[in-house]
Amino acid sequence: LALVRALVAALRGRLDALCGRLDALCWSPQPLSLLPLGWSRSPTLSATAAPPGSRREEEEEEEWEAATPTPTSVNYHFTRQCNYKCGFCFHTAKTSFVLPLEEAKRGLEMLKEAGMEKINFSGGEPFLHDTGEFVGQLVQFCKQELKLPSVSIVSNGSLIRESWFKKYGEHLDILAISCDSFEEEVNALIGRGQGKRSHLAKLHRLRQWCRDYAVAFKINSVINRFNVGEDMKEQIQALKPVRWKVFQCLLIEGENCGEDALREAEKFLISDEEFDEFLARHRDISCLVPESNQKMKDSYLILDEYMRFLNCRKGRKEPSRSILDVGVEAAIKHSGFDEEMFLKRGGKYVWSKADMKLDW
């Protein structure tokens, strides 16, 4: 039975990889799917979306494709696999595919040549693949070979060991740890945890390792139905992150909502007014960086596990062709990236640890 399960897992991984490469080579607005007949990836139109085939939609598409933004800051979600089960996750584990290391490096080099200054590695959970060695080698490559001003990682922190800092910490500018609550019970309700292991205890340990190995420490929090009433001022002030990024819970069709989604995030949603109330409660925190749904959705350059830019303008993720196949300039035209909003939300900041002048 164990042998059969292993064979099934191996075949599934190969099938995921094949689907991804075919999808990258034969681009269409929707990813290649092997869903059963009768299933659909078609989302419900939002109130502001132009009807399919309408003149307004054509004009919007032409406007987006005419612009060629610079990939100044790129978020590379190189894996979808994760050891947590956060109910609002909007980059869910639909495949187990990860590019070979040398292919990933080739894509990163192409992005650097196109103007990339900052790379952020994310997932899924980036330390899950190859016990952190894969992301460690990419971090080292981006800092040593590409000489990028800023290299960062977003992680849930659960799998990071001090030995990783000893080997790769000098090459990492910022480590962002996701923490949505300072109450263990709330983290468990959200899905951010592993049994009896304390997410908060590991958070404090990681904070100390960042001090010890001169890595800037950042916290990311998703504000949702379960934590919107929480007061986090005391804990944030004690941890002293360089930035506390506070996101409003966001729905993405086909990822955390819709009939073919792996999550049902609707129960986590909060209103704009509730989000504003949370921000007002924490307005005295100097490192607070708030991001509403409007700011977040189009102002990030998201690269998926096949190195395709993901366009979220219509409330779902529509992939470009892979930069490895068509180049950065051709792929980024389909990214839906709002460069103006990126700058407006403060997307470019002092992001190299050499310039932060922190007291380690």
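The name an unreviewed UniProt entry assigns to the protein chain is S-adenosylmethionine-dependent nucleotide dehydratase RSAD2, from the organism Psilopogon haemacephalus. As stated in UniProt under Sequence similarities (unreviewed entry), the record for the protein chain gives "Belongs to the radical SAM superfamily. RSAD2 family."

Caption draft 1: Highlighting the nonpolar core. In this structure, Tyr76, Leu108, Ile119, Phe121, Leu175 and Trp244 are the most contacted members of the largest nonpolar core, which totals 68 residues. The residues contacting Ile119, other than those within four sequence positions of it, are Val74, Tyr76, Leu108, Cys142, Leu148, Ser150, Val151 and Ser152. Counting 17 residues, the second-largest nonpolar core is a separate cluster that includes Phe88, Ala265, Met296 and Ile302.

Caption draft 2: Representation of helix H3 (residues 101-113) in the model. In a regular helix each residue adds 1.5 Å, so 13 residues correspond to 18 Å; H3 covers 19 Å between its end C-alpha atoms and thus fits that length. Every buried residue of H3 is accounted for by Leu101, Ala104, Lys105, Gly107, Leu108, Met110 and Leu111. Where H3 terminates, the next one or two residues include Gly115, which has phi positive at roughly 120 degrees.

Caption draft 3: Structural detail: a negative patch on the surface. On the surface, Asp272, Glu273, Asp276 and Glu277 cluster together to form a negatively charged patch. For Glu277, a relative accessible area of 51% corresponds to the exposed category.

Caption draft 4: Highlighting the side chain of Arg243. Positionally, Arg243 belongs in strand E6 (residues 243-248). If near-sequence neighbours (up to four positions away) are discounted, Arg243 is found in contact with Phe217, Lys218, Ile219, Cys287, Val289, Gly346 and Tyr349.

Caption draft 5: Geometry of the packing of aromatic side chains. Taken as a whole and judged by the stated rule, the model has 15 aromatic pairs. Measuring from centroid to centroid gives 5.1 Å for Phe78 and Phe134, while their planes differ by 45 degrees, and the two rings are tilted. Pair noted here: Phe78 is in the loop between strand E1 (73-77) and H3 and Phe134 is in helix H4 (residues 133-145), with a separation of 56 residues, a long-range link. Judged on exposure class, the residue Phe78 and its partner Phe134 are both buried. With a centroid separation of 5.7 Å and 75 degrees between ring planes, the pair formed by Tyr349 and Trp351 is classed as edge-to-face. On the basis of relative accessibility, which here comes to 5%, the residue Trp351 falls in the buried class.

Caption draft 6: Highlighting unusual backbone geometry. Looking along the chain, the bond that leaves Gly123 and enters Gly124 is cis, with omega of 15 degrees. Following the sequence through the fold, Gly124 ends up in the loop between strand E2 (118-122) and H4. Phi angles above zero are rare outside glycine, and Thr131 is one such case at about 50 degrees. Inspection of the secondary structure puts Thr131 in the loop between E2 and H4. One non-glycine residue, Lys147, adopts positive backbone phi at about 55 degrees. Along the polypeptide, Lys147 turns up in the loop between H4 and strand E3 (150-155). Lys147 gets classed as exposed once you look at its relative accessible area, which sits at 61%.

Caption draft 7: Region of the structure containing the environment of Asn220. With respect to the helices and strands, the residue Asn220 is situated in strand E5 (residues 216-223). For Asn220, a relative accessible area of 9% gives the class buried. Remark: the alpha-carbon pair of Asn220 and Val154, spanning 66 residues in sequence, is separated by 8.3 Å. Not counting the four nearest positions on each side in its chain, Asn220 is found in contact with Val154, Ala176, Ile177, Ser178, Cys179, Asp180, Lys245 and Phe247.

Caption draft 8: Here's a closer look at the environment of Gly315. Looking at the element boundaries, Gly315 is found in the loop between strand E9 (308-311) and strand E10 (318-322). The class for Gly315 is partly exposed, based on a relative accessible area of 23%. For the pair Gly315 and Leu250, spaced 65 residues apart in sequence, the C-alpha to C-alpha distance is 9.4 Å. Discounting residues that sit within four places of it in the chain, Gly315 has contacts with Leu251, Ile252 and Glu253.

Caption draft 9: Seen up close, the pairing of E5. Of all eight residues in E5, eight are buried, a share of seventy percent or more. On E5, burial covers both faces: Ala216, Lys218, Asn220 and Val222 on one face and Phe217, Ile219, Ser221 and Ile223 on the other are all buried. As paired elements, strand E4 (residues 174-178) and E5 share five bridges and run parallel to each other. Bridge pairing in E5 places Ser178 opposite Asn220. Bridge count between E5 and E6: six bridges; the pairing is parallel. Bridge assignment links Ile223 to a residue of E6, and that residue is Gln248. Crossover handedness for the path E5 to helix H8 (residues 233-239) to E6: right-handed.

How each quantity is defined
- Residues numbered from 1 in each chain as written.
- Predicted model: local features only at pLDDT ≥ 70, side-chain atom pairs only at ≥ 80, totals over all residues.
- Heavy atoms only, no water.
- UniProt positions renumbered as here; feature names shortened; annotations may be inferred.
- Core = buried A, V, L, I, M, F, W, Y, C linked by side-chain atoms within 4.5 Å.
- Buried < 20%, exposed > 50% of the residue type's maximum accessible area, 1.4 Å probe, protein only.
- Contact = heavy atoms within 4.5 Å.
- Helix = DSSP H or I, 4+ residues; strand = E, 2+ residues; numbered from the N terminus.
- Expected span 1.5 Å × (residues − 1).
- Patch = residues over 30% accessible without salt bridge, like charges linked within 9 Å, V, L, I, M, F, W, Y side chains within 5 Å.
- Areas by Shrake-Rupley, 256 points an atom, 1.4 Å probe, with all protein chains shown as cover.
- Salt bridge = Lys/Arg side-chain N within 4 Å of Asp/Glu carboxyl O.
- Lys, Arg positive; Asp, Glu negative; His and termini not counted.
- Charge placed at Lys NZ, Arg CZ, Asp CG, Glu CD.
- Phe/Tyr/Trp six-rings, centres within 6.5 Å; stacked < 30°, edge-to-face > 60°.
- Pairing = 2+ DSSP bridges.
- Right-handed = clockwise from strand over helix to strand, strands pointing away.

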